[in-house]
2 protein chains.
Amino acid sequence: MKVERFFQNPIIRPSDITASQNDYEVIGAFNAGTAIYQGNIILLVRVAERPINATDELLVAPVYNPKTNSNDIYKFTKDDPNILDASDPRIFTHSEQTYITSISHLRLATSSDGINFTISDTPTISPQTKYETFGLEDPRITQIGEDYFITYKAVSELGICTGLIKTQDFINFERMGIIFCPENLDVVLFPEMISSKYYALTRPVPKNIGPLSIWIASSSNLREWGNHKAIITPRPGKYDSARVGASCVPIKTKRGWLEIYHGADESHRYCLGAALLDLQDPSKVLAYSKEPIMKPEAEYELNGFFGNVVFPCGCINDSDGNITIYYGASDETTCGATTTIGEILDLME
Amino acid sequence: MKVERFFQNPIIRPSDITASQNDYEVIGAFNAGTAIYQGNIILLVRVAERPINATDELLVAPVYNPKTNSNDIYKFTKDDPNILDASDPRIFTHSEQTYITSISHLRLATSSDGINFTISDTPTISPQTKYETFGLEDPRITQIGEDYFITYKAVSELGICTGLIKTQDFINFERMGIIFCPENLDVVLFPEMISSKYYALTRPVPKNIGPLSIWIASSSNLREWGNHKAIITPRPGKYDSARVGASCVPIKTKRGWLEIYHGADESHRYCLGAALLDLQDPSKVLAYSKEPIMKPEAEYELNGFFGNVVFPCGCINDSDGNITIYYGASDETTCGATTTIGEILDLME
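Definitions and limits used
- Residues numbered from 1 in each chain as written.
- Chains lettered and ligands numbered in written order.
- Predicted model: local features only at pLDDT ≥ 70, side-chain atom pairs only at ≥ 80, totals over all residues.
- Heavy atoms only, no water.
- Pairing = 2+ DSSP bridges.
- Helix = DSSP H or I, 4+ residues; strand = E, 2+ residues; numbered from the N terminus.
- Least-squares fit on C-alpha atoms with pLDDT ≥ 70 in both.
- Contact = heavy atoms within 4.5 Å.
- Salt bridge = Lys/Arg side-chain N within 4 Å of Asp/Glu carboxyl O.
- Buried < 20%, exposed > 50% of the residue type's maximum accessible area, 1.4 Å probe, protein only.
- Phe/Tyr/Trp six-rings, centres within 6.5 Å; stacked < 30°, edge-to-face > 60°.
- Lys NZ or Arg CZ within 6 Å of the ring centre and 35° of its normal.
- Buried area = accessible area lost by both parts, 1.4 Å probe.
- Nonpolar A, V, L, I, M, F, W, Y, C, P; charged D, E, K, R; others polar.
- Polar contact = N/O pair within 3.5 Å; in protein donor to acceptor, adjacent residues only side chain to side chain.

Trainee: So what exactly am I meant to see when it comes to the sheet that holds strand β1 (residues 4-5) of chain A here?
Mentor: All names here are of chain A. The strand order β1-β26-β25-β24 describes an open sheet built from four strands, whose pairing is antiparallel. The sheet is open, and its two edges are formed by β1 and β24 (310-317), each paired on a single side. Bridging between β1 and strand β26 (residues 333-340) involves two bridges; their strand directions are antiparallel. Paired with E4 across the bridge in β26 is T338.

Trainee: For this particular structure, what's the right way to read the relation of the copies chain B and chain A?
Mentor: The pair of chain copies shares a relation made of a rotation about an axis and a shift along it. Mapping chain B onto chain A calls for a rotation angle of 180° and an axial translation of 0.0 Å; the resulting RMSD is 0.0 Å. On this basis, the relationship between the two copies can be described by a two-fold rotation axis. Minimal C-alpha distance to the rotation axis in chain B is attained by B:K207, lying at 2.1 Å. Both copies present the same face, since 100% of the interface residues in chain B are matched by interface residues at the equivalent positions in chain A.

Trainee: Any chance you could explain the pattern of salt bridges here in plain terms?
Mentor: If the charged atoms of two oppositely charged side chains come close together, the side chains can form a pair. Following the criterion strictly, the structure yields 30 salt bridges over all chains and no others. Linking A:E174 and A:R223 is a salt bridge whose minimum nitrogen-to-oxygen distance equals 3.5 Å. Taken together, the residues span a long stretch of sequence, with A:E174 in strand β14 (residues 173-180) and A:R223 in the loop between β17 (214-219) and β18 (224-232) at a distance of 49 residues. Its relative accessible area of 35% is what places A:E174 among the partly exposed residues. On the basis of relative accessible area, A:R223 is assigned to the partly exposed category, the value being 36%. The partner of A:E224 in a salt bridge is B:K197, and the shortest N-O contact between them spans 2.6 Å. Placement of the pair is A:E224 in strand β18 and B:K197 in the loop between β15 (184-189) and β16 (198-204), with the two residues belonging to separate chains. Judged by its relative accessible area of 3%, A:E224 falls in the buried class. By relative accessible area, which is 26% here, B:K197 ends up partly exposed. Look at the salt bridges and you will find they share partners, linking A:R46, A:E137, A:D138 and A:K153 into a network.

Trainee: It is not clear to me how the packing of aromatic side chains should be interpreted in this structure. Could you clarify?
Mentor: To describe a pair of aromatic rings, one takes the distance between the centres and the angle between the planes. Scanning all chains against the criterion turns up 30 aromatic pairs over all chains. Geometrically, the ring pair formed by B:Y37 and B:Y148 is edge-to-face, given 5.9 Å between the ring centres and 85° between the ring planes. With a gap of 111 residues between them, B:Y37 in strand β2 (residues 24-37) and B:Y148 in strand β12 (residues 147-156) connect regions that are remote in the sequence. Its relative accessible area of 17% is what places B:Y37 among the buried residues. Residue classification places B:Y148 among the buried positions, given a relative accessible area of 5%. Between A:R235 and the ring centre of A:Y288, over which it is positioned, the NZ or CZ distance is 4.9 Å.

Trainee: How do you make sense of the interface of chain B and chain A when you look at a structure like this?
Mentor: Taken together, the contacts link 43 residues of chain B with 43 residues of chain A. Note on chain B versus chain A: buried area summed over both sides is about 3200 Å², and carbon and sulfur give 56% of it. On the chain B side of the contact with chain A, B:K207, B:I209 and B:E224 bury the most area, a combined 22% of that side's loss. Connecting chain B to chain A are two salt bridges. If you list the elements that add at least two residues to the side of chain B that touches chain A, you get β8 (97-100), β12, β13 (159-167), β14 (173-180), β17 (214-219) and β18 (224-232) of chain B. Here the side of chain B that touches chain A takes seven residues from β18(B), the largest share from any one element. Here the side of chain B that touches chain A is composed, by residue class, of 20 nonpolar, 15 polar and eight charged.

Trainee: Sorry, what's going on with the environment of A:S70 here?
Mentor: Residue and element names in this part refer to chain A. Within the secondary structure, S70 is located in strand β5 (residues 70-77). Separated by 57 residues in sequence, S70 and P127 have C-alpha atoms that sit 9.3 Å apart. With residues near it in sequence (within four places) discarded, S70 still touches V63, Y64 and N65. Within polar-contact distance, the side chain of S70 engages the side chain of T68 at 2.9 Å.

Here is the structure:
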């Protein structure tokens, strides 16, 4: 399996991003959704920020307040007896409430060559509703006709939902509501209707029963979803033994819809796998990649804010079958790698 | 607040039910959905069964196998090192998988007086799909025109989903698919469209972030749902401090949609509360009951398979404002109690 990383990687780093306010620092610029718009390659980068005054002695959570249209800063001392768990650098739990140590917005980056990006100086899509008080994360962009639909994690005290935003120009954005209630993330829309229905891959996160699997749902109008089916479940003993989730918008090939997904094992190592779904009925899985098509190997993939992670939210493919995968490395930077549809299909069993 | 329990309670006990097969025993006949059909009161009772040979030494889980159309029996010794948790009599966890110690189907019971029921000798709706291998539970019935729509917990290794079944005669049933993916339960449909949309109350169960709250969703066709909003969250220090979920189909009153819901505290005591939702926009909560409208008090509510629980899945109301609430007591029996819409509205603040 041949995957060539850009030698320029990481192509976007936190230090490349202007923080949204003076007293904030950018700690992550990763997990970018991708699209082609007016001949350019668009990345909608997840930018994670935190207050600069965050110290080692304090646990700090920036939380958007819709009433003031600004962030409140929640601060707790690490020896607070109500701090239940602070082992994960991304989150901590105080009393019954889990907080996130950063808050994410989405930032536009544009490129003509797919490698050198011009990054907007200001946030492109910021928290706005009570479902986004902990931020917007991990966008996927699907072009359907003239419209671009952005699915994203809308994170708040109320839970981790999936929101839908529509745009035609990446300047004006229309929120279309919460399309999947908690806990559901890693949602990607198929790029065309199949037998008069829209389709989405989803990743519910059940509390009591059930593995962390990829489900599929269908819709008549993109706002309302039903006919949920579980299609890809974790495989014991493999690289995706603990959880799987859709990563890229499915690519239509002659043999089926090619879905590049992520799979993690019990050690939280995130790799990429691929699955082939039936063209007429994408709830049918025809084949899986025998081995991961990509795993954390480069230094910037092994080390970082949350190391040992490669995590794409989009790819760009051309009519010759070339694919450029844009992926988050270690929950910190944005990287690129190229391969071909043929290479991935050869790996299928 | 005046609620009068039937002196005949429990009106349906496990011993009143013929098991679905000779080697099974019925351990629960509870959480019944309600409807009026051809002038009679219908209960669709959740019947929980287990193999008779379940002994104190073994943990046993009956699991429906769609390939054989019969149940497999999973047996584990209690000292099996892979048994992670068996403290709850309803469930246990072996390795990564949670099992249920019984399997439920739905059974029709019919009455002309609402107290004395004739119970079908055989299961009315049994597990059939891969989403029902652990059973069908806690049905709610909403009549819309000539059609009766049954929402129910579809429970399997894949998770706890909400399925939808349509019937016109309680003899022929059409499965309309999984309408909410894991983990989502306690779903009730409103009995009419509001501004050309169907509405449902749902109870997502998020794993990582978010309280156990009642959400609302809307639909154009009952099969596909969107525009999810959180509307009723647990209230710290009250009887519903740990979790809330819809119980009965909302009743249309002049002051708003009256929703009788259940709320539990940290000790797992389940009480009934009431909320009033805006007639035109049911995502707006106008008022709550100051105190529970019903709490476990009778012997059969305090003690049983899982005691300290009153849990309705339906009620019957007449044009004079009388309400009969049918509720599960202690996850074991079916009981009834009467009150009035006026009594509940008087409790609102």
